Amino acid sequence: MSKLFLLLTFFLAAIHASAGNQSELWQQIQGSKHDTSRFRLFTELAEYYDKLPLPDSAIFYSQKAIQTGQSVQPKKSEKTNHNLLLSRCYRVLGFSFFMQYQLDSTYHHFHQVEQIARQELSQEDNKHQKRYQQFLAESLRNMGVINYLKGNLDQSTQLYLQAIPISEALQDTSELANSYSKLGLTYKKQGKLAEALKYFYESLHYYERLNQPKETAVAFLNIATIHYDQNNHEEAIEGYKRTLQLFKAQGDERGVAICLSNIGKSYGHLENFDLALQYVQKALEVNQKRNNKAGIANNYGSIAILYENMGKYEQALSYYKKTLKQQQELNDIPGLINIYGNLASVHINLANTSTSSALRESHLNSAIAYGTKSRQLAPNFNAPFQQKAVTIALREAYTQKGDYKKALEFANAIIELNDTIFNKSKAEAVAEVEAKYETSRKEQQIELQKNQLAQKEILLSKERLWRNSAIIAFSLTLLVLILIYHNYSQHKKNNRILRLKNQLIEEQRKEIQKQMDKQCETNKRLNELVLFKEKITGMIVHDLKSPLNGIINSGYIDDEELRSELVIHSGYEMLNLVDNMLNVYKADSTEMKVNPRKNDLFQLVENEKTGLLFLLNEKELSLKIEDITRPVFFADNHLIKRVIANLLSNAVKFSPQKGTITVRIEQPGETDIRIGIRNQGPHIPEEKQHLIFEEFGQHDLRQLGVTASTGLGLTFCQLAIKAHGGTLGVNSSEGSETEFWFKLPNSVVEEETEKSIENN
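If you're wondering where the values come from, they're calculated on a predicted model, not measured in any experiment.

1. Regarding the overall build of the protein
And then number 1: Helix and strand counts for the protein stand at 27 helices and 8 strands.
And then number 2: Within the protein, the proportion of its 760 residues that are buried is 44%.
And then number 3: By sequence separation, contacts in the protein at least 24 residues apart represent 64% of the contacts at least 6 residues apart.
And then number 4: When the accessible surface of the protein is split by element, carbon and sulfur atoms take 52% of a total near 42,100 Å².

Quick look at the structure:
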């Protein structure tokens, strides 16, 4: 009770003091006969109400001050002071209108401050230069905040980047920390996660130096959120839990609720749904206690997502509708973008599980309706992540409805969105930023240890000096001898200790340098691997594109026989590519096994020719088989069949229109069989011929125009022929045909008459 009385007394005293200040200023205004003095007094009164804060009164007296100031014609020597008072008034108006969330008025008045500051700073020998620099940096940052809130993220970024150098020149660490933090938030909202992380670490560095625990906790929260957006959920959980303890220590319930909710979401991504629901429910309880409607809406949405991921779609739909109601009441456009996208997703899942065709159609229509609403809102608020998620949902809905044209439009939109969002190179940039931060922190710790050691040495020397002085007073002669000996031995000992410490510090520095070099080497290898992966992935996708296009376009061919041939050929081409990939990968991990049996090589070629009839007819090619001996040989039927299929397929691809492909089967020795396949396509440079049989070796040749595939087919042929104990080669030179050939050892040979068959 006594404490309550003291607080009440203090509050009444503060009100009384404030009222006294207000009354004194008002009396001075009434007693003043000069507009210049009234201008200054009105400005001070406006700033007084701004600090209370009472925005309506602050706005009234600021406008009164500006009106009075505009009636004054200052002398040239007083112009700078006059403009400084105007800047102070516009500044108060900006803050007051912001408290009333009148964003356009806020921006207008801070823009006035900026213009006055730039005008004054252009004058030489301005006596208020530092004050105007502070006003300029502050106004640019606040205009950046307004643009951020209005969704103008590019303008917001430019304004922050203009404010930062001014604050750096002023060494205003508080203003710098705020600008870095808000610039990080802007980059994060744009999907530029590496840049966002860089500036969050910059703000964290300054907040820690300023010993501001609340802002430090927010910086840690932002860094953890970057890990969440990168799908590094274990690191995100660790960061959120550390931030949770900071918010709890400050009694910040809003921060506690945010951390609990984000921990729950992260556990949900790790499919630990029970733990995820526990954390989100705790966050919901905190927000309900605080009556935080925005937080409650966020928690409802998180619970709905968890239920959807658990396959409980009806419960998810129920919570999504609760979220939608809250967001509509708040008129939270970014929140509505998310919830419309989530409703589209859950309706698609409900459609997939529906047993009734009518109910399934209803869910798909609902998904399209909600998804369309989300996409209509998303571009205005620069929300690439949400836009990508809802575009995926719309593609799925139109695919299930059979509207493949619309589905293809949204598939292309997804590809465009992927280019604007986080990629692998940005992930490496994020890792580099974190490594630099850790290295910097370690260097600071080492420097701090060195400073502490030096201070301890100074204190120790002072203590020794005081003690020795007392002894000198007692016995000067004896003390001089002892002091000389003692100083000598102690100096030697201290030098030894310092050498050991310096050696330890040097070892730590070398270890840090070694780790940094190792990290650089790792990043270099990762860049090379990513480049290689992108090339090969592009080639495989390109190879699959042609047969897929063939199958898709077959629906537009009226000729049933031609359509059937196109589908069979396209499927055969896809199967050939997939078989090559599987066989090569299998051969990489295990030894290729050969199951020999009697085979008719002539018949194998005849059989594989059937699968190529469509391409032969399309390019008007002639396939000629020259069988000198008609040998029957022992080999693995499946492997040799695949080798012939790959070599014939390559010959068809590279043969010119109306060209000729020649297959020659002969027995050069008593036990060897040679098969050569010649085509009239472009020759392969001799210095590049060794690459075509290496796994993925053809991605370099592809740039020369001498190959159109991944190269896995020839790699498989090399492995299969080698498994039989044979050899595979190529003969190609400028101005002659290109021949791929292989030799097989054979133990049984039967000869027949020479045959020559030509098919057009």
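Structure's up, so let's keep going.
2. Remarks on helix α11 (residues 233–250)
And then number 1: Under the 1.5 Å per step criterion, the end-to-end length of α11 is 25 Å for 18 residues, consistent within 8% with the ideal 26 Å.
And then number 2: Turning to α11, its buried residues are His233, Ala236, Ile237, Gly239, Tyr240, Thr243, Leu244 and Phe247. On an axial view of α11, the arc spanned by its buried residues comes to 165°, and they lie on one face. Exposed residues pointing more than 90 degrees away from the buried face of α11 are listed as Glu234, Glu238 and Ala249.
And then number 3: Tucked inside the fold, the buried residues of α11 contact α10 (213–229) and α12 (253–269).
And then number 4: The first or second residue beyond α11 is Gly251, which carries a positive phi of 70°.

3. Examining the nonpolar core
The tendency in soluble globular proteins is for nonpolar side chains to be buried as a group.
And then number 1: If you look at the biggest cluster of nonpolar residues, it comprises 57 residues, and the most contacted ones within it are Tyr240, Leu260, Ile303, Tyr320 and Leu343.
And then number 2: Sort the elements by how many residues they give to this core and helix α16 (residues 333–353) lands first, with 11 residues.
And then number 3: With residues up to four places along the chain from it excluded, the contact list for Ile303 reads Leu277, Val280, Gln281, Leu284 and Tyr319.
And then number 4: Judged by nonpolar contacts, the second largest core, of 40 residues, contains Phe614, Ile673, Ile684 and Phe742.

4. Re a negative patch on the surface
And then number 1: A surface patch of like charges, here negative, comprises Asp558, Asp559, Glu560 and Glu561.
And then number 2: Residue position: Glu560 is located in helix α22 (residues 560–589).

5. A short note on the environment of Phe39
And then number 1: Here Phe39 shows up in helix α2 (residues 35–51).
And then number 2: For the pair Phe39 and Ile66, spaced 27 residues apart in sequence, the C-alpha to C-alpha distance is 7.4 Å.
And then number 3: Once you skip the residues sitting within four places of it in the chain, Phe39 turns out to touch Ala65, Thr68, Gly69, His82, Leu85, Leu86 and Cys89.

6. Description of the pairing of strand β3 (residues 632–636)
And then number 1: Burial analysis of β3 places 4 of its 5 residues in the buried class, the great majority of the element.
And then number 2: Relative to β3, strand β1 (residues 596–600) is paired through 5 bridges, and the arrangement is antiparallel. Note that in β3 the partner of Lys598 across the bridge is Phe634.

7. Section: a nonpolar patch on the surface
And then number 1: Together, Phe98, Tyr101 and Leu149 line one region of the surface with nonpolar side chains, adding up to about 290 Å² of accessible area.
And then number 2: Checked against the element boundaries, Phe98 lands in helix α4 (residues 79–99).

8. Description of helix α23 (residues 601–610)
And then number 1: The buried fraction of α23 is high, at 7 of 10 residues.
And then number 2: The set of residues buried in α23 consists of Leu601, Phe602, Leu604, Val605, Glu606, Glu608 and Lys609.
And then number 3: Two to three positions downstream of the cap, the backbone nitrogen of Phe602 sits 3.1 Å from a side-chain oxygen, assigning the N-cap of α23 to Asp600.

9. Topic: the packing of aromatic side chains
And then number 1: A complete count under the given rule lists 12 aromatic pairs for this structure.
And then number 2: A network of ring pairs unites the aromatic residues Phe42, Tyr48, Tyr49, Phe60 and Tyr61 as a single cluster.
And then number 3: Note that Lys282 overlies the ring of Tyr279, its terminal NZ or CZ placed 5.4 Å from the centroid.
And then number 4: Between Lys322 and the ring centre of Tyr319, over which it is positioned, the NZ or CZ distance is 4.6 Å.

10. Describing the pattern of salt bridges
And then number 1: Applying the stated criterion across every chain yields a total of 17 salt bridges.
And then number 2: In this structure, Glu626 engages Lys624 in a salt bridge whose closest nitrogen and oxygen atoms are separated by 3.6 Å.
And then number 3: On the basis of relative accessible area, Glu626 is assigned to the buried category, the value being 15%.
And then number 4: Residue class for Lys624 comes out partly exposed when judged on its relative accessible area of 26%.
And then number 5: Connected through salt bridges with shared partners, the residues Lys624, Glu626, Arg664, Glu666, Arg674 and Glu739 form a single ionic network.

11. Concerning unusual backbone geometry
And then number 1: Between Leu52 and Pro53 the backbone carries a cis peptide bond, its omega angle lying at -10°.
And then number 2: In this structure, Asn231 is a non-glycine residue whose phi angle is positive, near 65°.
And then number 3: The topology assignment puts Asn231 in the loop between α10 and α11.
And then number 4: On the accessibility criterion, Asn231 (54% relative accessible area) is exposed.
And then number 5: Residues other than glycine seldom take positive phi values, yet Glu620 does so here, at roughly 55°.
And then number 6: Here Glu620 is to be found in the loop between α24 (613–619) and β2 (622–627).

12. Overview of the packing of helix α7 (residues 153–170) against helix α8 (residues 173–189)
Packed helices, taken two at a time, are described by the angle their axes make and the gap between the axes.
And then number 1: Closest axis-to-axis distance for the α7/α8 pair is 9 Å, and the angle between their directions is 155°. Here α8 runs roughly antiparallel to α7, going by the angle between their axes. Read as a crossing pair, α7 and α8 show a hand that is left-handed. Two secondary-structure elements touch here, α7 through Leu153, Ser156, Thr157, Tyr160, Leu161, Ala163, Ile164, Ser167 and Glu168 and α8 through Glu175, Leu176, Ser179, Tyr180, Lys182, Leu183, Thr186, Tyr187 and Lys189.

13. What to know about the confidence of the model for the protein
And then number 1: This prediction gives the protein a mean pLDDT of 79; 77% of its residues lie at or above 70.
And then number 2: Taking the mean pLDDT of every element in the protein, the minimum, 35, falls on strand β8 (residues 755–759) and the maximum, 94, on helix α5 (residues 103–121).
And then number 3: The low-confidence segment residues 1–20, where pLDDT is below 50, has 3 contacts with residues more than four positions distant or belonging to other chains.
And then number 4: Under a pLDDT of 50 for its full length, residues 422–427 has, in the predicted model, 12 contacts with residues more than four places off or in other chains.

14. So, the environment of His638
And then number 1: Counting through the fold element by element, His638 comes out in helix α25 (residues 637–654).
And then number 2: Along the chain, His638 and Asn595 lie 43 residues apart, while their C-alpha atoms are 8.8 Å from each other.

15. Digging into the side chain of Asn142
And then number 1: Mapped onto the secondary structure, Asn142 falls in helix α6 (residues 129–149).
And then number 2: On the basis of relative accessibility, which here comes to 11%, the residue Asn142 falls in the buried class.
And then number 3: Once residues within four sequence positions are removed from consideration, Asn142 is found in contact with Phe95 and Phe110.

16. What to know about the side chain of Ser87
And then number 1: By the element assignment, Ser87 lies in helix α4.
And then number 2: Overall, Ser87 belongs to the buried group, its relative accessible area being 0%.

17. Considering a positive patch on the surface
And then number 1: On the surface, a cluster of positive charge is made up of Lys492, Lys493, Arg496 and Arg499.
And then number 2: With respect to the element layout, Arg499 can be found in helix α21 (residues 476–553).

18. A word on the packing of α23 against α25
And then number 1: For the pair α23 and α25, the least separation of the axes is 10 Å and the interaxial angle reads 50°. Considered as vectors, α23 and α25 are oriented oblique to each other. Once α23 is placed against α25, the crossing between them reads as right-handed. Touching Leu601, Leu604, Val605 and Glu608 of α23 are Asn637, Ile640, Lys641, Ile644, Ala645 and Leu648, all from α25.
And then number 2: Here the contact of α23 with α25 is built from residues that sort into 7 nonpolar, 1 polar and 2 charged.

Parameters and conventions
Residues numbered from 1 in each chain as written. Predicted model: local features only at pLDDT ≥ 70, side-chain atom pairs only at ≥ 80, totals over all residues. Heavy atoms only, no water. Helix = DSSP H or I, 4+ residues; strand = E, 2+ residues; numbered from the N terminus. Buried < 20%, exposed > 50% of the residue type's maximum accessible area, 1.4 Å probe, protein only. Contact = heavy atoms within 4.5 Å. Areas by Shrake-Rupley, 256 points an atom, 1.4 Å probe, with all protein chains shown as cover. Expected span 1.5 Å × (residues − 1). Arc of directions from axis to C-beta. Core = buried A, V, L, I, M, F, W, Y, C linked by side-chain atoms within 4.5 Å. Patch = residues over 30% accessible without salt bridge, like charges linked within 9 Å, V, L, I, M, F, W, Y side chains within 5 Å. Salt bridge = Lys/Arg side-chain N within 4 Å of Asp/Glu carboxyl O. Lys, Arg positive; Asp, Glu negative; His and termini not counted. Charge placed at Lys NZ, Arg CZ, Asp CG, Glu CD. Pairing = 2+ DSSP bridges. Polar contact = N/O pair within 3.5 Å; in protein donor to acceptor, adjacent residues only side chain to side chain. Phe/Tyr/Trp six-rings, centres within 6.5 Å; stacked < 30°, edge-to-face > 60°. Lys NZ or Arg CZ within 6 Å of the ring centre and 35° of its normal. Axes fitted to C-alpha atoms, helices over the stretch in contact; angles between N-to-C directions. Parallel < 35°, antiparallel > 145°, perpendicular 65-115°, else oblique. Left-handed = near helix turned anticlockwise from the far one by under 90°. pLDDT = per-residue confidence, 0-100. Nonpolar A, V, L, I, M, F, W, Y, C, P; charged D, E, K, R; others polar.

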